[in-house]
Amino acid sequence: MSRDTEHGPRLRPGLDRRDMLKGLAGATALSALPDMAFAQAAKEAPALAKLAAEGKLPPLAERISGNPLVITVEKVGRYGGSLRRGLRGSSDHNGILRMVGNQGLVRWNLAFTAVLPNVADKWEVNADSTEFTFHLRKGMKWSDGKPFTADDVVFSIEDCAKNTELYKSAPSPIVIDNKAGTATRIDETTVKFTFASPYALFLEMMATPLGQHPTLFAKHYCSQFHPKYNPGVAELVKAANLSDWGTLFRNKCGDIEIPSRWGNADKPTLDPWVIKEPYTGGATRVVMERNPYFWQVDTAGNQLPYIDRLSFSISQDVESLMLDAISGRLDIQERHLDTLQNKPTLSQNMQKGGYRLIELVSSSSQQVQIYLNMTHKDAKMREMFANKEFRKALSLGMDRKEIIDLVYLGQSQPHQTGPRPGHPWYHAGLSEQFTSHDPAQANAILDKLGYAKKDANGIRLRPDGQRIFFAIDVIPTLYPDEVDALELVKRHWAEIGVDIKVNTIERALYYTRGDNNDHDAAVWPGPGGLDPMLDPRDYFAQHTQGSRYAIPWAQWYVSGGKDGQEPPEGQKQRMKLFDQARATADLEKRAALMKHVFDLTAEAFETIGICLAVNAFGICKNNLQNVPQKYPNAWTWPNPGPALPQQFFFAT
Amino acid sequence: MLRFIAKRLLWMVPSLIVVSFLAFVLIQLPPGDFVTTYIATLAASNEVVDQNTAADLRVRFGLDQPMIVQYFKWISGIVLRGDFGLSFEWQQPVSDLIWERMALTLVLTFSTLLATWGIALPIGVFSAVKKYSIGDYIVTFFSFLGLAIPSFLLALVLMYVAAVEFGQEVGGLFSEQYVTAPWSIGKVIDLLQHLWIPVIILAVSGTASLIRVMRANMLDELNKPYVTTARAKGLSEFHLLVKYPLRLALNPFISTISWLLPNLVSGSIIVAIVLSLPTAGPLLLQSLMSQDMYLAGAFVLLICTLTLIGSLISDILLALVDPRIRLE
């Protein structure tokens, strides 16, 4: 029996961030029940008990495995109730994923520091991190009552994720050094993943949403849409009026993050709640009901989830979601509401709406990261941006304190990029350099760089006579605060003779300009604050959409040198170090490698940050219990999923 | 008459071809494509698409091909197989998505139309006949007020008052228990109970402008010699009004039928979004924003077809109602 405790396989000894996350619900109590007694002692929701008594459902002992995952709950809950949440009309499928669809082989602990058992009860890793053997739970079932075994994992990986007709290139969490790993069945409940190169980060990747492929597809159901198992699949495709089997497969079995994952009520899953009213183009709400075969129990042996059903209302308009919130019609919600300008309204209406605010610890590093395009198409601009002294002058030329006070209501501190303060990998040199406001020094640097001449408006001129002027792309509908911050930066920089345009553009244009390398500069909240290994895009050119200071370098890195532009030596060194860190299971050694990366990042000083990312917040009804008062806010820790909504319950 | 109709119908074919091409180009004009928007939408919640998957999507949806190839794939599917393609976003056939919402849109639009006409016609006639009376001033004042208030604002205010002051839910067209229930008497009653709110909101602005139009038209007609003649011959005032000036004053109403049909799809989008109505408008807007080309294209094509049909109907009706109009 596995327990949600400190005793699970720890990945990061000595790397606990408990200090920072004080106030998180502790997970300490141990269950005293012996292994085999569980199935008999387990209790279930009244509605299910009734179905079982009527013979419409097998008894609980047959539905859950003899070895269910025991969740250590803060309070043992009571069954019942319907939890209300809001979705947006378009592309909001991840709003459902974050709540229920987090059932991978492993999962994160609450502090976002270690990987815990989930679908896999335990696992072994070989010495050089190329082989991972997962032991699944005996007798575990899909939501339709069919057994879940190693065959399902092998089918999901070998027949689906690695099938080039379904995925042109295998999903990146199972790929290392451009080669996909192999899943092999050892016995019914044991499955082994083998990689050609060391891949120590594999377990952490499996705990993120994008690492869910191994448990995504039920073989007994999805194989009927797969030509390898069903030679007659062409007729099914034709009957459904679709073009190829891949489309049919996606339509029926979905994928990790597409709406059709929640569009088919027949698809078996391992989630605590299963789809009753699907998320489709015409839907006005989505309803999910408890999975009678869910494989987790609380410490008293009650089968989870406590809450009977989830009801997601679909609003086209965020303002109507706000109305729902303040009138108390949402039980837990942070999505779409968590902008700073909503906070006063939501705080004022706490009593009326009967909710409390919960704090979401930002996983990002930077609230506003300025990316000067160091691979600019114009040689003169490139030369200017690529000069570290120039960037240093710009950084010293801005008054961070004023920005924090005026735009972020004092809730932040000056910060460049880097792991957040309190993180074991916090790097003072990287995060604190050039954050003081020193216009005199900035001016001196710019004079020395040959930009001493000024025009009539006090704007400096380059040696070729052009004004120092560039545009910074920003998406006003997404991050209105960044526009405000940039307006202040524009004023600060005007004082040192640098002129910018705050270029407010639509988000698709923002991406297209980045993809084509057409931008002078851009801003974005800089990630990598709590998850530097999972999103290192600001530490070296790693992300082909996100590393906006040098997207061609990132393309070079991702394509293994085939596309993009060859980066300078310092970048290549970091790419190599990161690859080594990713392959290193020993956390001391990994930390040392990453420290080297941060040293080099600090030395290169490519991005200019303003201040530490501000914590977000969510609302939670007063009678909703077992919700941690504070938890991370991240995509790699897809809140609230790892806080285990299946153990939330409504107090009477 | 029949020849006229046949000719008009034939003209629709080339018009539709041109329009479908223009629609497709227009939808493609904004920078980026569906995949860019998809990535951007997810990034807005700090979510990341697997970089391998993103590249895959473009190939799978054929977005890597030239636009003209994409257009021919789309239009040939429609013409040859009646297949409107697959919505990128929902991975569902476009036709399923569209028809699902059209029925409710129809109900809403016609209810609004009936309400608008039912209120505007008598009031318009009244305020023309009693020109510059106190009643006229009062009606005029309210109709200007109605014209001035944007309907989405009215919807928001109504929702706020209902939600915060009365704790009532205003959005949607059905109560919780009827949303997915099959049609029954109970569901129809439930629909009627919810329908009046959007109908009133939508009717407010429509009524106001129609009152003004009606009033002006009636005023034009009331001073014509034939009215004086009829009155001199001793026709009762009511009979006189209805028989001649009103009939002529209706002309503009009939001409607006050609706008009415496309309004089925694209009218009242903002109100529908604010009130979360399950009508076609929000789906159209959403498909345009996410650059879900086939879905948006089908909607635009539908709107254009309806406009063409609508103008044909209004031409025919005009010819029937107004003897001054001749087709030849």
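Remember, predicted model here, so these are calculated numbers, not experimental data.

Draft legend 1. Expanded view of the packing of aromatic side chains. All names here are of chain A. Per the counting criterion, the structure on display carries 47 aromatic pairs over all chains. Taking 5.0 Å as the distance between ring centres and 85 degrees as the angle between the ring planes, the aromatic pair formed by phenylalanine 195 and tyrosine 199 counts as edge-to-face. Summarising the burial analysis for this pair, phenylalanine 195 and tyrosine 199 share the class buried. Taking the centre distance of 5.4 Å and the plane angle of 90 degrees together, the rings of phenylalanine 540 and tyrosine 557 count as edge-to-face. With phenylalanine 540 in the loop between β20 (521-524) and α20 (551-558) and tyrosine 557 in helix α20, the pair connects residues that are 17 residues apart, well separated along the chain. Among the aromatic residues, ring-to-ring pairing joins Trp123, Phe132, Phe134, Phe193, Phe195, Tyr199 and Phe202 into one connected group. Of note, arginine 250 hangs over the ring of tyrosine 167, and the distance from its end group to the ring centre comes to 5.2 Å. Lying over the aromatic face of tryptophan 524, arginine 548 brings its terminal NZ or CZ to 4.7 Å of the ring centre.

Draft legend 2. Region of the structure containing the state of the cysteines. Residue and element names in this part refer to chain A. According to the stated counting rule, one finds 1 disulfide over all chains in the structure shown. One disulfide in the model links cysteine 222 with cysteine 253; its S-S distance is 2.1 Å. On the sign convention where negative means left-handed, the S-S torsion of about -115 degrees between cysteine 222 and cysteine 253 marks this disulfide as left-handed. Pair noted here: cysteine 222 is in helix α7 (residues 219-222) and cysteine 253 is in helix α9 (residues 245-253), with a separation of 31 residues, a long-range link.

Draft legend 3. Summary view of the nonpolar core. Counting residues in each nonpolar core, the largest one holds 178 residues, and the members touching the most others are Phe134(A), Phe193(A) and Phe249(A). Ranked by the residues each element gives to this core, the list is headed by helix α16 (residues 293-321) of chain B, at 10 residues. Excluding its chain neighbours within four sequence positions, the residues that come into contact with Phe134(A) are Leu105(A), Val106(A), Ala120(A), Lys122(A), Trp123(A), Thr189(A), Thr190(A), Val191(A), Phe193(A), Phe202(A) and Leu203(A). Residues Ala393(A), Met398(A), Val474(A) and Val614(A) belong to the second largest nonpolar core, which totals 41 residues.

Draft legend 4. Examining the layout of surface pockets more closely. Looking at the second largest pocket, its volume works out to about 1,000 Å³. Lining the second largest pocket are 38 residues, with Thr284(A), Arg285(A), Gly172(B), Phe174(B) and Val179(B) sitting closest to its centre. Those elements that place two or more of their residues in the lining of the second largest pocket are β2 (82-88), β14 (309-315) and α10 (318-326) of chain A together with α5 (94-129) and α8 (185-222) of chain B. The element that contributes the greatest number of residues to the lining of the second largest pocket is α5(B), accounting for 5 residues.

Draft legend 5. Layout of the sheet that holds strand β16 (residues 355-362) of chain A. All names here are of chain A. Taken together, 4 strands build an open sheet; the order of strands is β15-β22-β16-β24 and the sheet is mixed. The two strands at the open ends of the sheet, each matched to only one other strand, are β15 (332-333) and β24 (630-633). In this structure, β15 lies alongside strand β22 (residues 616-621), joined through 2 bridges in antiparallel fashion. The partner of glutamine 333 across the bridge, within β22, is isoleucine 619.

The rules behind the values
Residues numbered from 1 in each chain as written. Chains lettered and ligands numbered in written order. Predicted model: local features only at pLDDT ≥ 70, side-chain atom pairs only at ≥ 80, totals over all residues. Heavy atoms only, no water. Phe/Tyr/Trp six-rings, centres within 6.5 Å; stacked < 30°, edge-to-face > 60°. Buried < 20%, exposed > 50% of the residue type's maximum accessible area, 1.4 Å probe, protein only. Helix = DSSP H or I, 4+ residues; strand = E, 2+ residues; numbered from the N terminus. Lys NZ or Arg CZ within 6 Å of the ring centre and 35° of its normal. Disulfide = S-S within 2.5 Å. Core = buried A, V, L, I, M, F, W, Y, C linked by side-chain atoms within 4.5 Å. Contact = heavy atoms within 4.5 Å. 1 Å grid on protein atoms, 1.4 Å probe; cavity = no way out; pocket = protein on both sides within 12 Å on 5 of 7 lines; lining within 4 Å. Points joined across faces, edges and corners; volume = space filled by probe spheres on them. Pairing = 2+ DSSP bridges.

What is shown is where atoms sit, not what they do.
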